[in-house]
Amino acid sequence: MYPWCRLAKVFITKNRRKPLGVTDVSVLKSRVCLTDIDPFMELNNGRYLTLFDFGRYDVAMRTGLWKILMKKNWGLMVAGISIRYRYRLRLFRKFEIHSQVVAIDQRWFYFEQKIISKGKLHTSALVRTTVTSSKGLVPTQEVLDALGQTDVKMPVPKWIEDWAKSDKIRPWE
């Protein structure tokens with residue numbers, strides 16, 4: 001079941017959190033709920049991806065991107081994810097979702113997202129995202145210009161370049 005109440009909380013409480021710049025870290029607090037668990041009473045591996053969506057939505061709302069998306073009829077798209085699960089999160093455990101843009105190239109915004117509980121990193125993901133329009137991908141500079149953050153430069157580090165290159169050579173049959 002999709003966690004609509006949790007998503008609503010992200011949208012409703014955005015006004016109580018301070019605005020973010022493109023390079024700032026979003027932190028959302030949450031807890032493992034009954035609708036999140038698998039038969040082993042821990043956070044289901046697929047639910048992590050949904051929770052990371054919420055972290056990116058929070059960034060979009062608090063940077064002002066969400067309003068621009070609605071105004072220009074743009075959308076958000078995930079083009080790739082690499083995730084690493086380190087430790088379990090059991091039922092009712094509190095945790096934080098940390099989301100931050102760590103690199104930008106001409107086409108993609110690269111997010112590093114983490115799930116942290118009691119100061120311990122449980123899961124980490126690299127997420128390649130973009131903004132779309134009816135004409136295709138919106139260049140990242142156009143998005144930054146719309147946000148009024150034209151001077152933001154975040155070069156892609158080698159480890160992310162290597163990840164993107166390996167993704168291109170993977171057979172997709």
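In case you missed it, the structure is sitting above this.
The following refers to the structure shown. Values in this document were obtained by computation on a predicted structure and should not be read as measured data.

### A closer look at the overall build of the protein chain
Along the protein chain, the regular secondary structure elements total five helices and six strands. In the protein chain, the succession of helices and strands from N to C terminus is α-β-α-α-β-β-β-β-β-α-α. A compact globule built from 173 residues would reach a C-alpha radius of gyration of about 16 Å, and the protein chain, at 16 Å, matches this within 12%. When its C-alpha atoms are laid out on the principal axes, the protein chain stretches across 45 × 40 × 30 Å.

### Here we look at the environment of Lys135
Relative to the assigned elements, Lys135 resides in the loop between strand 5 (120-133) and strand 6 (136-138). C-alpha of Lys135 to C-alpha of Trp74: the two residues are 61 residues apart in sequence and 9.8 Å apart in space.

### Concerning helix 2 (residues 45-63)
Given a rise of 1.5 Å per residue, 19 residues ought to cover 27 Å, and the 28 Å separating the end C-alpha atoms of helix 2 matches this to within 8%. Counting buried positions over the 19 residues of helix 2 gives 14, a clear majority of the element. A distance of 2.7 Å separates the backbone nitrogen of Gly46 from a side-chain oxygen at the start of helix 2, and that oxygen is part of Asn44. Directly beyond the C-terminal end of helix 2, a positive phi value near 95° is found at Gly64.

### Digging into helix 1 (residues 4-13)
Taken as a whole, helix 1 has its buried residues at Arg6, Leu7, Val10 and Thr13. End-on, the buried residues of helix 1 take up no more than an arc of 145°, which puts them together on one face. Away from its buried face by more than 90 degrees, helix 1 exposes Trp4, Cys5 and Ile12. The inward-facing, buried residues of helix 1 contact strand 1 (26-31) and helix 2.

Parameters at a glance
- Residues numbered from 1 in each chain as written.
- Predicted model: local features only at pLDDT ≥ 70, side-chain atom pairs only at ≥ 80, totals over all residues.
- Heavy atoms only, no water.
- Helix = DSSP H or I, 4+ residues; strand = E, 2+ residues; numbered from the N terminus.
- Rg over C-alpha atoms; globule rule 2.2 N^0.38 Å.
- Expected span 1.5 Å × (residues − 1).
- Buried < 20%, exposed > 50% of the residue type's maximum accessible area, 1.4 Å probe, protein only.
- Polar contact = N/O pair within 3.5 Å; in protein donor to acceptor, adjacent residues only side chain to side chain.
- Arc of directions from axis to C-beta.
- Contact = heavy atoms within 4.5 Å.

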